[in-house]
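Now for the letters of each chain:
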Amino acid sequence: MAVHAHPDDESSKGAATMAKYVSEGVDVLVATCTGGERGSILNPKLQGDAYIEAHIHEVRRKEMEEAREILGVKQSWLGFVDSGLPEGDPLPPLPEGCFALQDVDEAAGELVRLIREFRPHVITTYDENGGYPHPDHIMTYKISAVAFDAAGDPERYPEAGEPWTPLKLYYNQGFNRPRTQALHDALLERGLESPYEEWLKRWDEFQRKERELTTYVPCADFFPVRDRALIAHATQIDPEGGWFRVPMEVQQEVWPTEEYELAQSRVETSLPESDLFAGIRDT
């Protein structure tokens, strides 16, 4: 089970991994916390479209359906309302009733119910910083942490179904410095322009803490599937934008994996891993 904040997050974080496991017969479910109702229209070709602006919730649902079919996964909505990304100094208050303002324990009950229904062995989500500090990403981490601990406890959320204990919890860490630096260097070595120069400068400016990369899943064959799923989120992704400026063959040769941080494990495993199910398959 991959727990994400908005439709499109599943296609930009761990999508090739999911497609790989689907191809191997693994049952994969994306849990989408919000409908992405307050997301900005980021594709310049669709900005100013009156229909999209008036029906953004419906449009993003249709985009999610297309991406789901491309990846071959199942998908469920938890039903929370997008919090939006507050901007300004000082930051404005979050909208009343939004996901990020929900009681964490109460909101986690929805995820506990889904975990007990789907019965995953592995759950992926964001770290405590949300991957980046969007309030919905941080809230997604919070309810995932609670639900991972609570789903197997019969005394917690008794109304949410029969207990089920997931075995491993991972944080998506696909946007990591080693990968970014490797692709940047490879592009320059080939005489190509790199879209990562500013990213790397900002990494130093923000003094971002480096996360421990414990798990490298080989999935280069599924990078094209990932990109197709991402492009399906047309309101969010410009197909001519920065996401797609690194030639596919360079990506597949230089950095053929997606990376994760093992946060909790109830089975024995040795690091580094190349499989989210390491320690589970043998048992």
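Coordinates for the structure precede this section.
Here we summarise the structure given alongside this text.

## What to know about the overall build of the protein chain
If you tally the helices and strands in the protein chain, you get 10 helices and 7 strands. Relative to the compact-globule value of 19 Å for 283 residues, the protein chain shows a C-alpha radius of gyration of 19 Å, a close match. Principal-axis analysis of the C-alpha atoms places the extent of the protein chain at approximately 60 × 50 × 35 Å. Looking at the protein chain as a whole, 50% of its 283 residues are labelled buried. When contacts within the protein chain are restricted to residue pairs at least 6 apart in sequence, long-range pairs at least 24 apart make up 80% of them. For the protein chain, the accessible surface area stands at approximately 13,700 Å², while carbon and sulfur atoms represent 49% of it. Distance between charge centres in the protein chain, computed from 28 positive and 52 negative side chains, equals 2 Å.

## Things to note about the nonpolar core
Judged by nonpolar contacts, the single largest core of 28 residues is most densely connected at Met1, Leu111, Ile115 and Ile143. Within the residue set of this core, elements represented by two or more residues are β2 (29-34), β3 (74-80), α5 (104-118), α6 (135-150) and β5 (168-172). For this core, the element with the highest residue contribution is α5, accounting for 7 residues. Residues contacting isoleucine 115, with those up to four places away along its chain left out, are Met1, Pro120, Ile123, Ala147, Ala151, Trp164 and Pro166. Counting residues in each nonpolar core, the second largest holds 24 residues, with Val28, Val122, Val225 and Ala229 among its members.

## Some details on the pattern of salt bridges
Here the structure, examined in full by the defined rule, presents 21 salt bridges. With its nearest N and O atoms 3.8 Å apart, the salt bridge here joins arginine 68 to glutamate 69. With a relative accessible area of 25%, arginine 68 lands in the partly exposed category. A salt bridge links glutamate 273 to lysine 168; the nearest nitrogen and oxygen atoms lie 2.8 Å apart. Placement of glutamate 273 in the segment after β7 (257-265) and of lysine 168 in strand β5 is noted, with a sequence separation of 105 residues between them.

Analysis parameters
- Residues numbered from 1 in each chain as written.
- Predicted model: local features only at pLDDT ≥ 70, side-chain atom pairs only at ≥ 80, totals over all residues.
- Heavy atoms only, no water.
- Helix = DSSP H or I, 4+ residues; strand = E, 2+ residues; numbered from the N terminus.
- Rg over C-alpha atoms; globule rule 2.2 N^0.38 Å.
- Buried < 20%, exposed > 50% of the residue type's maximum accessible area, 1.4 Å probe, protein only.
- Contact = heavy atoms within 4.5 Å.
- Areas by Shrake-Rupley, 256 points an atom, 1.4 Å probe, with all protein chains shown as cover.
- Lys, Arg positive; Asp, Glu negative; His and termini not counted.
- Charge placed at Lys NZ, Arg CZ, Asp CG, Glu CD.
- Core = buried A, V, L, I, M, F, W, Y, C linked by side-chain atoms within 4.5 Å.
- Salt bridge = Lys/Arg side-chain N within 4 Å of Asp/Glu carboxyl O.

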